[in-house]
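# Summary of the model geometry
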Amino acid sequence: MSQKKYVKENLIILLFLMIVIMSQGIRTYLNNFIGSSIFNYHVIPITIFIAMFVYKKNKFDKINFLIFLFISGLIVVNFIVNRYGILIFLRTLIGFLAPLLILLVNYGDVDVNYFFTKIVKIFNIFVYSTFIIQVILSIKVGRTGGIVGHPLTSGWYYAIFISFNTIFSRYFNKRNDLFIITDIFIALVGTVLASGRISMITVIFLGVIYSVSCCKIKSIPYFILPIIMLIFLYTPVVDNYIWSKFRETASWGDVTNGRLAGIREIIFFKMYPRLLTGNGIGYSNYISRYIFAGVNFENPIIMFSFDYGILATIFLIVLFFIKPIFSFINSKNFLLAINYGCVLIIPFTYNGLAETVGILIVLTFIIYIFLTINYYIKNLYKIDETLKSNKK
């Protein structure tokens, strides 16, 4: 196949560079450098999303398209009913609706082997680099997310890193056992330095899945890796970044580090999200800061409900969780379903997803990649079954 036929695949790789590699930390640095917040809105990748959407050769996911239309209709109703400012409306369109466009483009008409191989190589280099920087910075400043940005986002990136390498090694190109152990070690140490408790638990689980699914030496997942993990979890580094913070939050009476406090404030003030309407992007942040006296929800589902309404949030959950998981299970691709669930749960455990445009667009793009991989693997199974039936 000539290079000319990889136009869409190269576009996906370019989007990966602009969305995932151009991380929160790098964008913040660029914003500070030019004295603006323009890089928060991903103008170029969103423009590419729109171009991909209107491109005449594209096919579209009909169900996702209907969900998108329904959510868009609710956003317009929100704007008309609540009469909030045009600036908030535009921010809602750019920061909430526009990233969803990538999920409308059908994921079955691209060469997954071509673009995913390149994406994994690029992402591995990025994660190795940010890990080295994170280790150096942690000596000077303590908890850090390296060049990724927010520490909890950094923990999420390490989970994506483990997940991508698991899928790549299982379905595309086997990785050496030494590389697998190295990947798990880097991800585990990185999440600890970011003080991400949920990320650490997720990475441990994904690391076990990675080793069981991909290691040739079977003693690694069942004997060597568990011993390494147990020894590491009782080191002073883990105690300083994870266990001490857990003990500290437990002494406050809230091991969720304030996440339950937001729910208590909702009940106390009797201020609940509405079914059909919200007040646009940032409204939940306004409530937590000025009405709840700084108590942050740290819960994107609640925040989305206040911003866009409960019904729009339910349809968003269908779009993000229910429909993809059902698709993976229906394809009997359980390894992908497990990895997908683990990767998606992390950004829903802190407020960045609802507050930061960059994290939402990263999430939707990662979802798109998982869906294209699912389609690819499903076709592999079909080809394999056809070959077996022909032999018979």
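Residues numbered from 1 in each chain as written. Predicted model: local features only at pLDDT ≥ 70, side-chain atom pairs only at ≥ 80, totals over all residues. Heavy atoms only, no water.

### Structural notes on the confidence of the model for the protein chain
- Per-chain confidence: the protein chain averages 86 in pLDDT, with 92% of residues scoring 70 or above.
- Mean pLDDT per element in the protein chain: helix α12 (residues 259-269) is the minimum at 77, and helix α16 (residues 334-345) is the maximum at 96. (pLDDT = per-residue confidence, 0-100. Helix = DSSP H or I, 4+ residues; strand = E, 2+ residues; numbered from the N terminus.)

### Observations concerning the nonpolar core
- Residues Phe116, Phe123, Phe164 and Phe320 are the most contacted members of the largest nonpolar core, which totals 120 residues.
- If you tally residues by element for this core, the top one is helix α18 (residues 357-391), at 14 residues. (Core = buried A, V, L, I, M, F, W, Y, C linked by side-chain atoms within 4.5 Å. Buried < 20%, exposed > 50% of the residue type's maximum accessible area, 1.4 Å probe, protein only.)

### Thoughts on the pattern of salt bridges
- Going through the model one piece at a time under the given rule, you end up with two salt bridges.
- With its nearest N and O atoms 3.0 Å apart, the salt bridge here joins Lys323 to Asp61. With a gap of 262 residues between them, Lys323 in helix α15 (residues 310-330) and Asp61 in the loop between α3 (43-54) and α4 (62-82) connect regions that are remote in the sequence.
- Asp61 gets classed as buried once you look at its relative accessible area, which sits at 9%.
- For Arg175, the salt bridge is made with Asp183, and the minimal N-O distance between the two is 3.0 Å.
- In this structure Arg175 comes out as buried when scored by relative accessible area, which is 14%.
- When its relative accessible area of 0% is taken as the criterion, Asp183 is described as buried. (Salt bridge = Lys/Arg side-chain N within 4 Å of Asp/Glu carboxyl O.)

### Focus: the packing of aromatic side chains
- The final tally for this structure, using the stated rule, is 27 aromatic pairs.
- Taking 5.8 Å as the distance between ring centres and 80° as the angle between the ring planes, the aromatic pair formed by Phe16 and Phe123 counts as edge-to-face. Here Phe16 is found in helix α1 (residues 7-21), whereas its partner Phe123 is found in helix α6 (residues 112-141), with 107 residues between them in sequence. Here the two residues Phe16 and Phe123 agree in accessibility, since each one is buried.
- Where Phe116 meets Phe168, the ring centres are 6.3 Å apart and the plane angle is 55°; that geometry is what we call tilted. (Phe/Tyr/Trp six-rings, centres within 6.5 Å; stacked < 30°, edge-to-face > 60°.)

### Focus on helix α7 (residues 151-171)
- Between the first and last C-alpha of α7 there are 30 Å, a value that for 21 residues agrees with the 30 Å anticipated at 1.5 Å per step.
- Among the 21 residues of α7, 20 are classified as buried, and the element is accordingly described as predominantly covered. (Expected span 1.5 Å × (residues − 1).)

### Remarks on helix α9 (residues 197-214)
- Along its 18 residues, α9 runs 25 Å from first to last C-alpha, staying within 8% of the 26 Å computed at 1.5 Å per residue.
- Those residues of α9 that sit buried are Arg197, Ser199, Met200, Thr202, Val203, Ile204, Leu206, Gly207, Ile209, Tyr210, Ser211 and Cys214.

### A few points about unusual backbone geometry
- For Ser195, which is not glycine, the phi torsion reads 55° and is therefore positive.
- Relative to the helices and strands, Ser195 is located in the loop between α8 (177-193) and α9.
- The backbone phi angle of Lys332 is positive, close to 60°, even though this residue is not glycine.
- Relative to the helices and strands, Lys332 resides in the loop between α15 and α16.

### What about the packing of α8 against α9?
- At their nearest, the axes of α8 and α9 sit 9 Å apart, and the two run at 175° to each other. As judged from the angle between their axes, α8 and α9 are roughly antiparallel. Contacts between α8 and α9 pair Asp177, Ile180, Asp183, Ile184, Ala187, Leu188, Thr191 and Val192 from the former with Ser199, Met200, Val203, Ile204, Gly207, Tyr210, Ser211 and Cys214 from the latter.
- Class assignment for the residues of the contact of α8 with α9 results in ten nonpolar, four polar and two charged. (Axes fitted to C-alpha atoms, helices over the stretch in contact; angles between N-to-C directions. Parallel < 35°, antiparallel > 145°, perpendicular 65-115°, else oblique. Contact = heavy atoms within 4.5 Å. Nonpolar A, V, L, I, M, F, W, Y, C, P; charged D, E, K, R; others polar.)

### So, the packing of α6 against α8
- Contact geometry for α6 and α8: axes closest at 10 Å, N-to-C directions at 40°. Relative to α8, the element α6 is oriented oblique. For the pair α6 and α8, the sense of crossing is left-handed. Contacts between α6 and α8 involve Val127, Tyr128, Phe131, Gln134, Val135 and Ser138 from the first element and Asp183, Ile186, Val189, Gly190 and Leu193 from the second. (Left-handed = near helix turned anticlockwise from the far one by under 90°.)

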